[in-house]
Amino acid sequence: MCGIVGFTGRENALPILIKGLHALEYRGYDSAGIAAITKEGELRVIKTRGRIEALEKKVLAAGDIDCTCGIGHTRWATHGEPSDANSHPHLGGDGKIAVVHNGIIENYLELREHLTARGYVFHSETDTETVAHLIADLHKNSTDGDIVRTVLRAIHRVRGSYALGVVSLDRPDEIIAARRDNPLVIGLGEGENMIASDITAIIRRTRKYIILDDNEVAVVRPDEVIVYNNFGERIEKEVRTVTWDLSAAEKGGYEHFMIKEIMEQPRAISDTIRPRLKDGEIVFEENGLTDDRMANAKHVHIIGCGSALHAGIVGQRVIESLCRVRCTARVASEFRYENPIIEPDDLCIVISQSGETADTLAAMRQAKAAGAFTVAIVNVVSSTIAREADGVLYTWAGPEISVATTKAYSAQLSALYLIAGRLAFARGLMDAEQHKAFCASLAALPDLVQKTLECKEQMQFLATRYNNRASVFFLGRGLDYAAAMEASLKLKEISYIHSEAYAAGELKHGTISLIEDGTLVVALATQHELYEKTVSNIREVTSRGAEVILIAGADFTGDESACRYVVRLPECPAILSASLSIVPLQLLAYYIAVERSCDVDKPRNLAKSVTVE
Ligand code: G6P
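Residues numbered from 1 in each chain as written. Predicted model: local features only at pLDDT ≥ 70, side-chain atom pairs only at ≥ 80, totals over all residues. Heavy atoms only, no water.

Novice: Residue-level account of the overall build of the chain, with values.
Specialist: Within the chain one finds 18 helices and 27 strands. The globule rule puts the C-alpha radius of gyration for 613 residues at 25 Å, and the 26 Å found for the chain is close to it. Projected onto the principal axes, the alpha-carbon positions of the chain cover approximately 80 × 55 × 45 Å. When each of the 613 residues of the chain is scored for burial, the buried share is 62%. Carbon and sulfur atoms form 47% of the exposed surface of the chain, whose accessible area is close to 22800 Å². Between the mean site of the 67 positive side-chain charges and the mean site of the 83 negative ones, the chain shows a separation of 1 Å. (Helix = DSSP H or I, 4+ residues; strand = E, 2+ residues; numbered from the N terminus. Rg over C-alpha atoms; globule rule 2.2 N^0.38 Å. Buried < 20%, exposed > 50% of the residue type's maximum accessible area, 1.4 Å probe, protein only. Areas by Shrake-Rupley, 256 points an atom, 1.4 Å probe, with all protein chains shown as cover. Lys, Arg positive; Asp, Glu negative; His and termini not counted. Charge placed at Lys NZ, Arg CZ, Asp CG, Glu CD.)

Okay, here's the thing in structure tokens:
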């Protein structure tokens, strides 16, 4: 969701900005633009609705632009449709200041009225343009002419969330950056520096970076970066080093990031689990999740959005089953308004791949304020959620580029199993022997997922058969229902086929009316005690014309005769089955999307990191 990049140095800024924008594409966007300060002292803005390729064409058509400082943006529309005019950057006042923005300015209407009354003319419907004019207005009327102070004054008048990049003709080699509740990093190079929404946009030029925190403002010049706090006082920031390789953010011979990331799951699971298994015990050294804390928790809350929520729903079932403690998984955007009952000893597990999802962050802050101990399962190191949580359990999935998550989801499940295993041990529901056995099952999981991936060709074949269905239903009970939710989301988000996940026993209470000849139903059955019940539900749909693909546990003993195809999973403890059953269904979604010529890695309207509420 909206990406920001900025460069100031000695080389031509344009190709660097364009490469940076390409690296941010995965966040999701519908338009793109750049602002460059030319050597002739002009502020050139080029922007367009559509893909970055369209922007590149416009840049090329604009002829030689000699510039070493500029900002770029990919926009995911919130205020105003995707259009050239609404694309960023936006110019302020008489065109000497350009602004790119990620987030939402909540009081934009009030600011717009105020600025219109002062004679400013708006050229877009965006909330961002108010910031551009506000900065221009404050700058024009400032007595000290200090652009940093002006930006600080401007953000003090703004309500909402933002990451901002500002360039001004007055300071042709300088970028001002500011943030509140939206991510922004500053890449530190040799004789050049960058700003960006995330590391993927800077890693081609430098591995050293600073994370800008809320309410801070930075001045970025080719040879220095100065950071100020909310009061305009200069502060020192920790310089960090990117730990992963550029190759991790490249396709490495695969056609799409999604299939590469599906295939990487055994490694992601292994890297998440293995460092936390020591001598037959699950050990959390890093996150303050002590046995005392776990033993005393009366309620475990799990919050997340999208696939992270689905991982949480699996986690809820695993935790309640293994630990016999009340556990609820809830949509982060609803959690906040449900007036949840949170007691000081409660444990709140916050799940987020990006660590920047606005709703998840807000829900976490609420749980924390109510006294719960918050532990974040996060993939992006040093992201906001990771830094604000009381403790963090990183999923070591590596950078995930495809918008539709696969390996990060699988790593989240692994992290939840780790918590569940230790929680059960701390609460006396597993003795040392059982705990050791559970650890051994976790250690074996990467190999089982690897084995599950062998169904790749079978899923590719099924995709050729079923890519033309108007609607697909995923059915399961218990853990299989939780896995079905994620399977259904995968299919609809990348193939645009309508699909629904249903608790197998619930379908007959209404939705079965949608089953007709040829409807595809994917049934999941990995829980031994539920096999017969699920078979009955399969019969209910096949007798109404549905064609069923069954994803079956290794020991499935039910009657398969009603199913058109059966995909058998490797043998695995039933409690961990969600890690296996999702794999064929990720592959099915992927190959169906490929068959339908969909933009697999960048599905329409979706954003990887949703930084607005
Ligand atoms: C977006 C993405 C989903 C993701 C969700 C939560 O909607 O498209 O794939 O599951 O956000 O993201 P998070 O980064 O918090 O896991």
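From this point, the discussion proceeds with the structure in view.
Novice: Can you break down helix α16 (residues 479–495) residue by residue, with the values?
Specialist: The end-to-end C-alpha distance of α16, which contains 17 residues, comes to 24 Å, matching closely the 24 Å that a straight helix rising 1.5 Å per residue would cover. After α16 finishes, the residue tyrosine 496 shows a positive phi value of roughly 65°. (Expected span 1.5 Å × (residues − 1).)

Novice: Quick one: what's the story with the sheet that holds strand β2 (residues 31–38), residue by residue and with numbers?
Specialist: Read from one edge to the other, the open sheet built from 8 strands follows the order β3-β2-β4-β1-β10-β9-β11-β15, with strand pairing classed as antiparallel. The open sheet has two free edges, formed respectively by β3 (43–49) and β15 (240–241), since each of these has just one partner strand. Note: strand β1 (residues 3–8) against strand β10 (residues 193–196), 4 bridges, orientation antiparallel. Its bridge partner lying in β10, valine 5 is registered against alanine 196. (Pairing = 2+ DSSP bridges.)

Novice: Which residues make up the sheet that holds strand β5 (residues 90–92), and what values go with them?
Specialist: The antiparallel open sheet is built from 7 strands, whose spatial order is β5-β6-β7-β8-β12-β13-β14. What marks the edges here is a single partner per strand, and that holds for β5 and β14 (234–235). Across 5 bridges, the pairing between strand β8 (residues 171–180) and strand β12 (residues 216–220) is antiparallel. Within β12, the residue paired with arginine 179 across the bridge is glutamate 216. Those strands touched by helix α4 (residues 128–140) are β5, β6 (97–105) and β7 (160–168), and its axis lies near 130° from that of β6. (Contact = heavy atoms within 4.5 Å. Axes fitted to C-alpha atoms, helices over the stretch in contact; angles between N-to-C directions.)

Novice: Residues and numbers for the site of the ligand, please.
Specialist: Around the ligand sit 13 residues, and of these Ser352, Gln353, Ser354, Thr357 and Ala607 come closest. At 2.4 Å, a side-chain N or O of threonine 357 approaches an oxygen atom of the ligand. For the ligand, the accessible surface in isolation is 390 Å², of which the surrounding protein chains cover 89%. The greatest single-element share of the shell around the ligand, amounting to 3 residues, is contributed by helix α9 (residues 306–323). Among the residues making up the shell around the ligand, the classes are represented as 5 nonpolar, 7 polar and 1 charged. (Near = heavy atom within 4 Å. Polar contact = N/O pair within 3.5 Å; in protein donor to acceptor, adjacent residues only side chain to side chain. Nonpolar A, V, L, I, M, F, W, Y, C, P; charged D, E, K, R; others polar.)

Novice: Explain the pairing of strand β21 (residues 373–378) to me, using residue names and the numbers behind them.
Specialist: With 6 of its 6 residues buried, β21 lies for the most part within the structure. Here β21 shows two buried faces, one formed by Phe373, Val375 and Ile377 and the other by Thr374, Ala376 and Val378. With 6 bridges connecting them, strand β20 (residues 347–352) and β21 associate as parallel partners. Bridge pairing in β21 links valine 350 to alanine 376. Note on the crossover from β20 through helix α11 (residues 358–369) to β21: the handedness is right-handed. Bridge analysis of β21 against strand β22 (residues 391–394) gives 4 bridges, and the strand direction is parallel. Directly across from valine 378, in β22, lies its bridge partner tyrosine 394. (Right-handed = clockwise from strand over helix to strand, strands pointing away.)

Novice: I'd like to hear about the domain arrangement of the chain, residue by residue, with values.
Specialist: Here the domain parsing of the chain yields domain 1 (3–243) and domain 2 (257–595). Inter-centroid distance (C-alpha atoms) of domain 1 to domain 2 is 38 Å. Each partner contributes residues to the interface: domain 1 has 9 residues there, and domain 2 has 9 residues. Between domain 1 and domain 2, the buried area comes to about 810 Å², and carbon and sulfur atoms account for 46% of it. At the boundary of domain 1 and domain 2, one finds 3 salt bridges. Residues aspartate 213 and arginine 387 are paired through a salt bridge, measuring 2.3 Å at the closest nitrogen-oxygen approach. Our count for the contact surface shared by domain 1 and domain 2 stands at 4 residue pairs in polar contact (both at pLDDT 80 or more). (Domains from an automatic or database assignment. Buried area = accessible area lost by both parts, 1.4 Å probe. Salt bridge = Lys/Arg side-chain N within 4 Å of Asp/Glu carboxyl O.)

Novice: Provide a residue-level description of the nonpolar core, including the pertinent values.
Specialist: Core analysis: the largest hydrophobic core is formed by 92 residues, its most contacted members being Ile319 and Ile349. Excluding anything up to four places from it in sequence, isoleucine 319 contacts Val300, Ile302, Arg324, Val325, Cys327, Ile349, Ala420 and Leu423. (Core = buried A, V, L, I, M, F, W, Y, C linked by side-chain atoms within 4.5 Å.)

Novice: Can you lay out unusual backbone geometry for me, pointing to particular residues and giving the numbers?
Specialist: Here the amide bond leading from histidine 88 into proline 89 is cis, since omega sits at 0°, within 30 degrees of zero. Phi is positive for serine 382, close to 65°, though the residue is something other than glycine. Note that serine 382 resides in the loop between β21 and α12 (384–388). Overall, the relative accessible area of 9% leaves serine 382 in the buried class. The backbone of tyrosine 496 shows a phi angle near 65°, a positive value even though the residue is not glycine. Relative to the helices and strands, tyrosine 496 resides in the loop between α16 and β24 (498–503).

Novice: Can you break down the packing of helix α15 (residues 456–466) against helix α18 (residues 578–595) residue by residue, with the values?
Specialist: At a minimum axis separation of 8 Å, α15 and α18 run at an interaxial angle of 45°. Put simply, α15 runs oblique to α18. When you trace α15 past α18, the crossing you get is right-handed. Contact residues: Lys456, Met459, Gln460, Leu462, Ala463, Thr464 and Tyr466 in α15; Pro584, Leu587, Leu588, Tyr591, Ile592 and Glu595 in α18. (Parallel < 35°, antiparallel > 145°, perpendicular 65-115°, else oblique. Left-handed = near helix turned anticlockwise from the far one by under 90°.)

Novice: Outline the side chain of threonine 511, supporting the account with residue identities and numerical values.
Specialist: In this fold, threonine 511 is placed in the loop between β24 and β25 (520–525). Each residue touching threonine 511, except ones within four places of it in the same chain, is listed here: Phe473 and Tyr502.

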